[in-house]
Amino acid sequence: MESLVKIESSLIHAIESSFDGKNLPMPFLREIFLIKTHVAGTSYLDLKETEANLTVGDKMIFVREPNNTHDKKAIKIVDINGSKLGYIPRDKNEILANLMDAGKVIFGQLVHKAWHEEWLQIIVKVYMKD
């Protein structure tokens, strides 16, 4: 894991002064939408029973797997009951993994699900709670 970069107080002061006391950013107002993506790996899982309990709007829990032998930036997606649904796609997980490794809370919300023969397509919106 890469170490975190320390932000110097002079940089924080420069950012604050650039707002000139107006329209300062307001932390903790709401979740921050990051991306919308499909869930990778659903075709490798038996999701028939799990899918019946999934409803659009459900929260998805993201779990970092830094020791995953296939991808050091792997982020497993599970439903609220702990059932594995798949992973954030490899081409979209690097920044999310870095945020999670830095202590940020990253989670998902189910926006679409559809069966395509034996394959379950799951689409999630990814958010950061800051």
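All of these numbers come straight from a predicted model, not from anything done at the bench.

On to the side chain of Glu 65, then. Along the chain, the position of Glu 65 falls in the loop between β2 (59-64) and β3 (75-78). Within the local environment of Glu 65, its side chain forms a polar contact with the side chain of Asn 68, the two groups lying 3.0 Å apart. Polar side-chain contacts of Glu 65 include one of 2.9 Å to the side chain of Tyr 87. Not counting the four nearest positions on each side in its chain, Glu 65 is found in contact with Asp 71, Lys 72, Ala 74, Lys 76 and Tyr 87.

This part takes up the nonpolar core. Within the largest apolar cluster, 19 residues are counted, with the highest numbers of intra-cluster contacts made by Met 60, Phe 62 and Ile 122. For this core, the leading source of residues is strand β6 (residues 119-129), giving five residues. Discounting residues that sit within four places of it in the chain, Met 60 has contacts with Leu 54, Ile 77, Val 78, Asp 79, Leu 85, Phe 107, Gly 108, Gln 109, Leu 110 and Val 124.

Another aspect to go through is the side chain of Glu 51. Along the chain, the position of Glu 51 falls in helix α2 (residues 48-51). The class of Glu 51 is buried, set by a relative accessible area of 15%. Contacts of Glu 51, omitting those with residues within four sequence positions, involve Lys 113, Trp 115 and Leu 120.

Attention now moves to a nonpolar patch on the surface. A grouping of Ile 61, Val 63 and Ile 80 is seen on the molecular surface, where their side chains present a nonpolar patch of about 240 Å² in accessible area. With respect to the helices and strands, the residue Val 63 is situated in strand β2.

The next point concerns unusual backbone geometry. Backbone geometry follows two general trends: most residues other than glycine have a negative phi, and most peptide bonds adopt the trans configuration. A positive phi angle, close to 60 degrees, is found at Glu 117, a residue other than glycine. By the secondary structure assignment, Glu 117 is in the loop between β5 (105-116) and β6.

Take helix α3 (residues 94-101) next. Of all the positions in α3, only Leu 96, Ala 97 and Met 100 are classed as buried. For α3, the angular spread of the buried residues around the axis is 100 degrees, confining them to a single face. Among the structural elements, β1 (32-38), β2, β3, β5 and β6 are those in contact with the buried residues of α3.

Attention shifts here to the sheet that holds β3. Strands pair in a sheet through their backbones, by hydrogen bonds, and they do so in one of two ways: parallel or antiparallel. In spatial order, the strands read β1-β6-β5-β2-β3-β4; together these six strands make up an open sheet with antiparallel pairing. Strand pairing shows two members of the sheet lacking a second neighbour, β1 and β4 (84-87), which therefore form its edges. Between one strand axis and the next, the sheet turns through 30 degrees on average, direction left out of account. Its contacts with the sheet place α3 against β1, β2, β3, β5 and β6, and it is angled at close to 80 degrees to β2.

What follows is about the confidence of the model for the protein chain. Mean pLDDT over the protein chain works out to 88, with 78% of the residues at or above the 70 mark. For the protein chain, the element scoring lowest by mean pLDDT is helix α1 (residues 9-18), at 66; β3 scores highest, at 98.

Enumeration over the complete set of coordinates arrives at five salt bridges. One salt bridge in this structure joins Lys 76 and Glu 65, with 3.8 Å as the shortest N-O distance. Of this pair, Lys 76 sits in strand β3 while Glu 65 sits in the loop between β2 and β3, placing them eleven residues apart in sequence. Here Glu 65 falls in the buried class, since its relative accessible area comes to 18%.

The rules behind these values
- Residues numbered from 1 in each chain as written.
- Predicted model: local features only at pLDDT ≥ 70, side-chain atom pairs only at ≥ 80, totals over all residues.
- Heavy atoms only, no water.
- Helix = DSSP H or I, 4+ residues; strand = E, 2+ residues; numbered from the N terminus.
- Polar contact = N/O pair within 3.5 Å; in protein donor to acceptor, adjacent residues only side chain to side chain.
- Contact = heavy atoms within 4.5 Å.
- Core = buried A, V, L, I, M, F, W, Y, C linked by side-chain atoms within 4.5 Å.
- Buried < 20%, exposed > 50% of the residue type's maximum accessible area, 1.4 Å probe, protein only.
- Patch = residues over 30% accessible without salt bridge, like charges linked within 9 Å, V, L, I, M, F, W, Y side chains within 5 Å.
- Areas by Shrake-Rupley, 256 points an atom, 1.4 Å probe, with all protein chains shown as cover.
- Salt bridge = Lys/Arg side-chain N within 4 Å of Asp/Glu carboxyl O.
- Arc of directions from axis to C-beta.
- Pairing = 2+ DSSP bridges.
- Axes fitted to C-alpha atoms, helices over the stretch in contact; angles between N-to-C directions.
- pLDDT = per-residue confidence, 0-100.

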